[in-house]
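Chain and residue survey
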Amino acid sequence: MSIQPLKTRRTQAGQTVLSVRDLHVTFPSEAGLVRAVRGLSFDLAAGETMAIVGESGSGKSVTSLAVMGLHPPTTRITGSIKLHGEELLGQNDDQLSNLRGRDMAMIFQDPLSALTPVYTVGDQIVEAIQAHYDVSNAKAWQRAIELLDLVGIPNPQTRVKSFPFEFSGGMRQRVMIAMAIANDPDVIIADEPTTALDVTIQAQVLEVLKTAQKETGAAIIMITHDLGVVASMSERVVVMYAGRPVETGSVDDIFYQPRMPYTIGLLGTVPRLDQSTHGALPVLEGNPPSVVELPPGCPFVPRCPKAVDRCKASEPELEATDSPTHTAACHRLAELEGQGHAELFPPPELTTSELAELPREQRPVVLELTDLKRHYPLMKGAIYRRRVGTVYAVDGIDLDLRQGETLGLVGESGCGKSTTLLEILNLGKPTAGAVKVQGRDTSTLTRHERKELRRNLQVVFQDPMASLDPRLPIFDIIAEPMQVHGYKQADIELRVRDLLRLVGLEPGHADRYPQHFSGGQRQRIGIARALSLEPKVMVLDEPVSALDVSIQAGVINLLDDLQGKLGLSYVFVAHDLAVIRHIADRVAVMYLGKIVEIGDVERVYNDPAHPYTQALLSAIPIPDPNTERTRQRIVLSGDLPSPANPPSGCKFRTRCFRYAVLDEASQARCRDEVPDLVQRVGDQSAACHFAGPVRADELATR
Amino acid sequence: MLRYIGKRLLNYVVLLYVAVSLTYFLAATQLNPRALFALRQPPIPPQIVEAQLRQYNLSDQVPLLERYWIWLTGVFHGDWGYSPLGVSVAEQISTRMWVSLRLLLIGTLAGILIGVAVGAWTATRQYMPSDRTITALSLLIISTPAFVVGTVTQMMAISVNNATGSRFFEFIGETGDVGNYPLADLVDRAQHLLLPTLVLILLGATSMSRIQRNLMLDSLGADFVRTARAKGLRQSKAVMKHALRTALIPTGTYLAYSVATMFVGATFTERIFSFPGIGQYGVDTITNRDVNGVVAVTAFAGVCVLVGGILSDIMVAILDPRVRLA
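Chains are numbered independently. Their residues run from 1 in the order of the written sequence. Both sets of labels track the order of writing: A upward for chains, 1 upward for ligands. The model is predicted, so local features are restricted to residues of pLDDT at least 70 and side-chain atom pairs to those at 80 or more, both for listing and for counting; the totals for chains, interfaces and linings are taken over all residues.

Quick notes on the overall build of chain A
Secondary structure elements follow DSSP: runs of H or I of four or more residues count as helices, runs of E of two or more count as strands, with numbering from the N terminus. A tally of helices and strands in chain A yields 26 helices and 24 strands. All radius of gyration figures rest on C-alpha atoms, and the globule criterion is 2.2 Å times the number of residues raised to 0.38. At 27 Å, chain A has a C-alpha radius of gyration in line with the 27 Å of a compact globule built from 702 residues. Summarising its shape, the C-alpha atoms of chain A cover approximately 75 × 70 × 55 Å along the three principal directions. Every C-beta atom is placed from the backbone, and the number of other C-beta atoms within 10 Å of a residue's own sets its class: buried at 20 or more, exposed at 12 or fewer, partly exposed in between. Sorting the 702 residues of chain A into buried and exposed places 50% on the buried side. Looking at chain A alone, contacts between residues at least 24 apart form 70% of all its contacts between residues at least 6 apart. In this description, any two residues whose backbone-derived C-beta atoms lie within 7 Å of each other are considered to be in contact.

Considerations on the overall build of chain B
On a plain count of helices and strands, chain B comes out with 14 helices and zero strands. Helices and strands appear in chain B in the N-to-C order α-α-α-α-α-α-α-α-α-α-α-α-α-α. Seen through its principal axes, chain B has C-alpha atoms that stretch 85 × 60 × 40 Å. In chain B, buried positions account for 34% of the 326 residues. At a minimum sequence separation of 6, the contacts of chain B that also span at least 24 residues come to 72%.

Concerning unusual backbone geometry
Residue and element names in this part refer to chain A. The phi torsion at Leu427 lies on the positive side, around 50°, for a residue other than glycine. Mapped onto the elements, Leu427 comes out in the loop between helix H14 (417-426) and strand S16 (432-437). Judged by local crowding, Leu427 falls into the partly exposed class, with 19 C-beta atoms found within 10 Å.

Thoughts on the nonpolar core
In plain words, the nonpolar core is the set of buried Ala, Val, Leu, Ile, Met, Phe, Trp, Tyr and Cys residues that C-beta atoms within 7 Å link up. Formed by 265 residues in total, the largest nonpolar core has its most connected members in Ala178 and Phe572 of chain A. Of the residues forming this core, the biggest block, 11 residues, is contributed by helix H8 (residues 184-220) of chain B. Residue contacts for Ala178 of chain A: discarding those within four places in its chain leaves Ile125, Leu147, Leu148, Leu150 and Val151 of chain A.

Here's the deal with helix H18 (residues 519-531) of chain A
Residue and element names in this part refer to chain A. A helix is expected to span 1.5 Å for every residue after the first. Between its first and last C-alpha, H18 extends 18 Å over 13 residues, near the 18 Å set by a 1.5 Å rise per residue. The buried fraction of H18 is high, at 12 of 13 residues. Regarding H18, the residues found buried are Gly520, Gln521, Arg522, Gln523, Arg524, Ile525, Gly526, Ile527, Ala528, Arg529, Ala530 and Leu531. Residues of H18 that are buried make contact with strand S18 (457-460), helix H16 (474-484), helix H17 (489-502), strand S19 (537-541) and helix H19 (549-566).

A word on the domain arrangement of chain A
Size of an interface, as often reported, equals the accessible area lost when the parts are brought together. Residue and element names in this part refer to chain A. An automatic or database domain assignment supplies the start and end points of every domain. Under the domain assignment, chain A is made up of domain 1 (16-234), domain 2 (251-344), domain 3 (354-464 + 516-605) and domain 4 (608-700). Measuring from the centre of the C-alpha atoms in domain 2 to the corresponding centre in domain 4 gives 40 Å. Among the elements that make up the side of domain 2 that touches domain 4, the one with the highest residue count is helix H9 (residues 251-256) (three residues). A breakdown of the residues in the side of domain 2 that touches domain 4 according to their chemical character gives five nonpolar, no polar and two charged. Gly is placed with the polar residues, together with every amino acid not listed as nonpolar (Ala, Val, Leu, Ile, Met, Phe, Trp, Tyr, Cys and Pro) or charged (Asp, Glu, Lys and Arg).

Overview of the domain arrangement of chain B
Residues and elements named next belong to chain B. Domains assigned within chain B are domain 1 (13-76) and domain 2 (93-325). Relative placement of domain 1 and domain 2: their C-alpha centres are 36 Å apart. Taken together, the contact between domain 1 and domain 2 spans 13 residues of the former and nine residues of the latter. Of the residues that constitute the side of domain 1 that touches domain 2, the class distribution is 11 nonpolar, two polar and no charged.

Structural notes on the interface of chain B and chain A
Counting from both sides, the interface comprises 23 residues of chain B and, opposite them, 28 residues of chain A. At the level of secondary structure, the elements contributing two or more residues to the side of chain B that touches chain A comprise helix H1 (2-30), helix H9 (223-230), helix H10 (235-261) and helix H14 (321-325) of chain B. By residue number, the principal contributor to the side of chain B that touches chain A is H9 of chain B, which donates seven residues. Its residues placed into classes, the side of chain B that touches chain A shows seven nonpolar, six polar and 10 charged.

With respect to helix H5 (residues 89-124) of chain B
For H5 of chain B, built from 36 residues, the straight-helix expectation of 52 Å at 1.5 Å per residue is met to within 8% by its first-to-last C-alpha distance of 50 Å. Each residue is assigned a bend, namely the angle between axes fitted to the seven residues that terminate at it and the seven residues that start at it. Along its length, H5 of chain B reaches its greatest deviation from straightness, about 40°, at Leu104 of chain B.

Here we look at the sheet that holds strand S5 (residues 86-87) of chain A
All names here are of chain A. Pairs of strands are assigned from DSSP output, requiring at least two bridges between the strands. The four strands lie next to each other as S2-S1-S4-S5, forming an open sheet whose pairing is antiparallel. Either end of the sheet is taken by a strand with one partner, and the two such strands are strand S2 (32-45) and S5. In terms of strand pairing, strand S1 (residues 16-29) meets S2 through 11 bridges, oriented antiparallel. Across the sheet, Leu23 pairs through a bridge with Leu40, a residue of S2. Axis lines are fitted through C-alpha atoms, for helices just across the contact stretch, and the angle between N-to-C directions can take any value from 0 to 180 degrees. Each of S1, S2 and strand S4 (76-83) touches helix H1 (residues 60-68); the most contacted strand, S2, lies at about 70° to it.

Some points on the environment of Thr23 of chain B
Residue and element names in this part refer to chain B. Among the secondary structure elements, Thr23 is positioned in helix H1. Classification of Thr23 as partly exposed rests on a count of 19 C-beta atoms within 10 Å. Linking Thr23 and Val294, residues 271 residues apart in sequence, is a C-alpha distance of 8.1 Å. The contact partners of Thr23, leaving out residues within four places of it in the chain, are Val294, Val295 and Thr298.

Focus: the sheet that holds strand S3 (residues 49-53) of chain A
Residue and element names in this part refer to chain A. Sheet architecture is open: eight strands sit in the order S6-S7-S8-S3-S9-S10-S12-S11, paired in mixed fashion. Across the chains shown, the open sheet's two edge strands, defined by having one partner strand only, are strand S6 (104-107) and strand S11 (319-320). As paired elements, strand S7 (residues 187-191) and strand S8 (residues 219-224) share five bridges and run parallel to each other. From the neighbouring strand, Ala190 faces S8, where its bridge partner is Met222. Contacts between helix H6 (residues 169-180) and the sheet are confined to S6 and S7, with S6 contributing the most and set at about 175° to the helix.

A few points about the environment of Asp548 of chain A
Along the chain, the position of Asp548 of chain A falls in the loop between S19 and H19. Residues Asp548 of chain A and Arg455 of chain A, 93 residues apart in the sequence, show an inter-C-alpha distance of 31 Å.

Comments concerning the confidence of the model for chain B
Residues and elements named next belong to chain B. One confidence number per residue, pLDDT, is output by the predictor and ranges from 0 to 100. Looking at chain B as a whole, the pLDDT averages 88, with 99% of positions reaching at least 70. When the elements of chain B are averaged for pLDDT, H14 gives the smallest value, 77, and H9 the largest, 94. Across the predicted assembly, pTM comes out at 0.84 and ipTM at 0.82.

Quick notes on the pairing of S3 of chain A
Residue and element names in this part refer to chain A. With five of five residues buried, S3 is to be regarded as a mostly interior element. Residues Thr49, Ala51 and Val53 point to one face of S3 and Met50 and Ile52 to the other, with burial holding for every one of them. Two strands pair when backbone bridges link them, and S3 and S8 are joined in this way by five bridges, in the parallel orientation. For Val53, the partnering residue across the bridge sits in S8 and is Thr224. Two strands pair when backbone bridges link them, and S3 and strand S9 (residues 236-241) are joined in this way by four bridges, in the parallel orientation. Considered in S9, the bridge of Ile52 is made with Val238.

Things to note about the packing of H10 of chain B against helix H13 (residues 291-319) of chain B
Each pair of packed helices can be described by the angle between their axes along with the distance between the axes. All names here are of chain B. Packing of H10 against H13 brings their axes to within 7 Å, and their N-to-C directions diverge by 155°. In terms of orientation, H10 and H13 fall into the roughly antiparallel class. Where H10 crosses over H13, the handedness of that crossing is right-handed. Residues Leu248, Ile249, Gly252, Thr253, Leu255, Ala256, Tyr257, Ala260 and Thr261 of H10 touch H13, and the partners they reach there are Cys304, Val305, Val307, Gly308, Leu311, Ser312, Met315, Val316 and Leu319. Classifying every residue of the contact of H10 with H13 gives 13 nonpolar, five polar and no charged. Put simply, angles under 35 degrees are roughly parallel, angles over 145 are roughly antiparallel, angles from 65 to 115 are roughly perpendicular, and the rest are oblique. Here a crossing is called left-handed whenever its near helix is offset anticlockwise from the far helix by less than a right angle, and right-handed whenever the offset is clockwise.

Topic: the environment of Leu227 of chain A
Residues and elements named next belong to chain A. Along the chain, Leu227 turns up in helix H8 (residues 227-233). Using a count of 21 C-beta atoms within 10 Å as the deciding quantity, one classes Leu227 as buried. With 114 residues separating them along the chain, Leu227 and His341 place their C-alpha atoms 16 Å apart. Apart from residues lying up to four places away in sequence, Leu227 is in contact with Val53, Leu267, Val270 and Pro623.

The following block contains the structure:
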């Protein structure tokens, strides 16, 4: 698997290939001038990987578009961007077009929309080659096939003629990578390349990116908000905040000796997959500032616990810290040396529940699923709709949730998490099996009983923007459930104020509209609404995944605190396994509509028994460069099979690394016999014929 | 694919049968051909009127279902019936169809093509003076009723004719005084076609350009255009090859549909320029209480719509691989 280089490198290894100096990017908006990037400088050496980290609005994506020259025409850019020592700013579009795709290439975030739907992937790769080199069609197609092979697309000879819609998201991102490396670029800019993908697919795509880099020797600028990806991929890091670089250095400097309080806070607020952290997370209070009308001074001042008057007066420049390559922008660098996030951002006190004292077995069961199934008919045809099969969305799961506990539900998209939630919330009759809320079977309820029971079961959605009606003031939003259930108006008014205070919002803001609140605040409003009817069970569907890293911790702490105060039980769906480890007491891992492993969070995370759980945990990059360097990763092959046509026997066997090394008789068992959930030691069960820790020989074959 | 189209065709035939039958019941109960003879001077004896109505299966004294049955069996033998005054409906439609086609084909097609081009172009120049000017002009034309546009064009043509003292612009009927030179017949027809075609282009292109502009704006902002640019394609090529190609998918269905339905959609243009086409016939049949005519025009329009539906399905399948292969 190797491709012929098309050209000789203009910049040799070790030398600077891309040099950015004092980059300023400004564009007009309705609200005023957006100063998206304010003075960014860096040097990128040939063949190295540099990460630009920051939250939304920090200017990282704007930087990538400015380097590529793909910014909107109204944008004003000053400073200097030099590729191979040649200035790019001021070149016209024709000159830049010659460089784009040949010397520098870009991989975008959303692979579903980044490929033109009406051309085959081969057409699109060939187009990228022929845009720069006068190559015959036959040769270009041959190269396209080699590139697809390199990025790990099976049967590249036939797949090259496929259209983008015939590929899954992960496969499309591989095609994007193939296209980006088609002309051996010197610089590849990857803008959140795996954010839209599942963790197992993210692991595959990151591997492909590493392979591509090894093959082409290109330098990579990795733009991301995911600190785990930074730790696993990059050698150097630039941390951006409000359009400014606030800290730069080697990945070890940034992760082990962060100096700027923002970096310290950011690293501290992320829950860790590899550490059991209970209690509150350190919190970066407040929100990233708007870059439209920034006040003078350091933009981090409103959130910084150590800000002094000097910080408000002038914006600090980057200056060298312990080593000349590690720079940070803070007026109090010297004074704050040696202070970690424990000193700077002490975690808040949380209320602990009295229930915590009571052993799990003695607490009442508030929600119980027995052999729950939900099948959907698979229909085809626009006019002649006919049933062509069945989607086994949820295919027999058992769960119980006891008072005051949190059950995490994890798995890749398409595994049935959301369907399970919908079945619980529906309070109706599932395809088979039963849902019991506080001991009542939901399939036998009358309309009135169902409405009464619904009070006990509330939901918080993923997207805080879409789940609040923008035309209602938040008072009405929070009051609505109580009005439906016939609360008295005077009680409602008191209660809305109490609820706002409870979730950490100002009661005086009740007459404002959702648009006046930030994402984290809106999620708090959603939580207040869910709490208004004093539910016993809260169903949380990815409640923090749409929020910025520094905002997540506050919402997670709030949920923790509310559980202690109100004795709530949570069903918490998340794709972020680190968040689940932090907040959940028990975890259920789902795969194709089945639970493959369930049990106490510590047991499952420390000693996973099912190969899928092992792969899932292994796929997640940990924000710790040393761990990442020594870790041996299990990368699952392929995508999730279709839930309409699941494999026989064990549904996971088609992607299982353990199955691959079993002898013939054992493999036959996996093929023919559906594994049941079998209890292991204590509170942990796994559905695998060969459950147990990962063995060295299983990894060696990969 | 063939089986699929066959199935759809069958579905359409059933749909058409139901629609036409319902129209028959509506027309036969609501239109009163007898009234046509009531005001004649000298009065016609009722027996003669009744005999004539019965001859053409139009008498309201015959039970509705019986009339329907007679009409239906006639249709199956290719006989679409007669007007109360005895004119063959089938003959009318078959001659007028070609009149409509000659009048409308060039104008409709050119209108769509020009509309697509203008729409796509203005989208690439969003909010620039050229875009704003074209937007304002096309909104003006779209909000002007078709008969006003037609009449104003005619008046302008008359003043040009008067000013130059020529008869360059012809706008009554299909043909006029044919000159005495080679291809004179063709030149005469072209002269008569010029104005109505202009009006059709104006009306078609303006609304099409609005649609195409919005489609194009959607695909100009799409991620895949940025991908194409990141590969090193020039702006113009990325727009033509990636944005326009994708934005043409909905246009394709619209094109197929409007070509098939143009026969019945230009009543005003036909009337103003005195082209005795199908659109005019549709209105005339209603005012003349011509039950069989109304039903036949409805059936014809129905066939056009269904053919348009099939054509646009085929068009989408050609343009969009997601439909073709999924």
